[in-house]
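Inside the fold
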Amino acid sequence: GQNIDQPTEMTATEGAIVQINCTYQTSGFNGLFWYQQHAGEAPTFLSYNVLDGLEEKGRFSSFLSRSKGYSYLLLKELQMKDSASYLCAVRVTRDNYGQNFVFGPGTRLSVLP
Amino acid sequence: KAGVTQTPRYLIKTRGQQVTLSCSPISGHRSVSWYQQTPGQGLQFLFEYFSETQRNKGNFPGRFSGRQFSNSRSEMNVSTLELGDSALYLCASSLSGRRVDNEQFFGPGTRLTVL
């Protein structure tokens, strides 16, 4: 089966650093993606990892360990606008090149002044 | 470049009715996926279409169906609506599905309320 876990809620202070963890158990793994979703809006792409290691993209970094089934999203210099839900998603591909993304439950991040 | 568009944005139906939702992908994108998002279950995959063929399907009953047209536009149909079908239905498009960095772009969603 496919299973992805994330903390339900996190709180951090403006200007701080926060790490959102994600653990997964899936078959057909072909990449781990992070999305940001503000309330009432569609998810927007933040970053992805296919190989082990750290990928940095401005204030956002994402790490992947495939052997441990573990990823994290690191947000630096937090801003109030970073208050949102963060979704961890595993891309699963099939032999027919079909794909689907299995999403975690999301982590609701609140940034306080 | 225009993003993914979905129509209608909001819809209210009653139990037993059927509904059709529409999605226009980003120009050049051939893969269209549909998701259901609810507070209790989160984002769940419904199906993926590529070149007018359903390539992948999630664990939803047969009341949920879809199709894709030659211009990559896609429609999703739900028949015999139930209260539990109330959700945000999201469409996402991507270039193909073979590239490892294949990013999905989401549309704004259709908010369906079943009374």
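This text goes with the structure placed above it.
It should be emphasised that the depicted structure is a prediction, and the values quoted were computed from it without experimental measurement. (Residues numbered from 1 in each chain as written. Chains lettered and ligands numbered in written order. Predicted model: local features only at pLDDT ≥ 70, side-chain atom pairs only at ≥ 80, totals over all residues. Heavy atoms only, no water.)

A few words now on the sheet that holds strand β8 (residues 74-78) of chain B. All names here are of chain B. The 4 strands are arranged β1-β3-β8-β7 in an open sheet whose pairing can be described as antiparallel. Unpaired on one side and paired on the other, β1 (5-7) and β7 (64-68) mark the two borders of the sheet. For this sheet, the mean angle separating the axes of adjacent strands, direction not counted, is 20°. Taken together, the 5 bridges between strand β3 (residues 19-24) and β8 define a ladder with antiparallel strand orientation. (Pairing = 2+ DSSP bridges. Helix = DSSP H or I, 4+ residues; strand = E, 2+ residues; numbered from the N terminus. Axes fitted to C-alpha atoms, helices over the stretch in contact; angles between N-to-C directions.)

Moving on: the nonpolar core. Nonpolar side chains in soluble globular proteins tend to be buried together. Counting residues in hydrophobic clusters, the biggest one holds 22 residues, and the most contacted among them are Ile-4, Leu-32, Trp-34, Leu-75, Leu-78, Tyr-86 and Leu-109 of chain A. A per-element tally of this core places strand β9 (residues 84-93) of chain A first, with 5 residues. Counting 21 residues, the second-largest nonpolar core is a separate cluster that includes Val-4, Tyr-49, Leu-81 and Cys-91 of chain B. (Core = buried A, V, L, I, M, F, W, Y, C linked by side-chain atoms within 4.5 Å. Buried < 20%, exposed > 50% of the residue type's maximum accessible area, 1.4 Å probe, protein only.)

Here we come to the environment of Gly-42 of chain B. Residues and elements named next belong to chain B. Along the polypeptide, Gly-42 turns up in strand β5 (residues 42-50). According to the relative accessible area criterion, Gly-42 is buried, its value standing at 13%. Sequence separation between Gly-42 and Leu-88 is 46 residues; the distance between their C-alpha atoms is 10.0 Å. When residues no more than four places from it in sequence are discounted, the contact partners of Gly-42 are Gln-36 and Gln-37. (Contact = heavy atoms within 4.5 Å.)

In this section: the sheet that holds strand β6 (residues 53-57) of chain A. All names here are of chain A. Taken together, 5 strands build an open sheet; the order of strands is β1-β3-β8-β7-β6 and the sheet is antiparallel. Either end of the sheet is taken by a strand with one partner, and the two such strands are β1 (3-5) and β6. Direction aside, neighbouring strands of the sheet carry axes that sit 15° apart on average. Bridge count for strand β3 (residues 18-25) against strand β8 (residues 70-75) is 6 bridges, and the pairing is antiparallel. Paired with Thr-23 across the two strands is Tyr-70, which belongs to β8.

It is worth spelling out the state of the cysteines at this point. Residues and elements named next belong to chain A. Overall, the coordinates contain 2 disulfides over all chains when judged by the stated rule. Each disulfide pairs two cysteine sulfurs, and for Cys-22 the partner residue is Cys-88, the sulfurs being separated by 2.0 Å. Negative torsions about the S-S bond denote left-handed disulfides, and the value of about -65° found for Cys-22 with Cys-88 makes this one left-handed. Residue Cys-22 is located in strand β3, and its partner Cys-88 is located in strand β9; the two are separated by 66 residues in the primary sequence. (Disulfide = S-S within 2.5 Å.)

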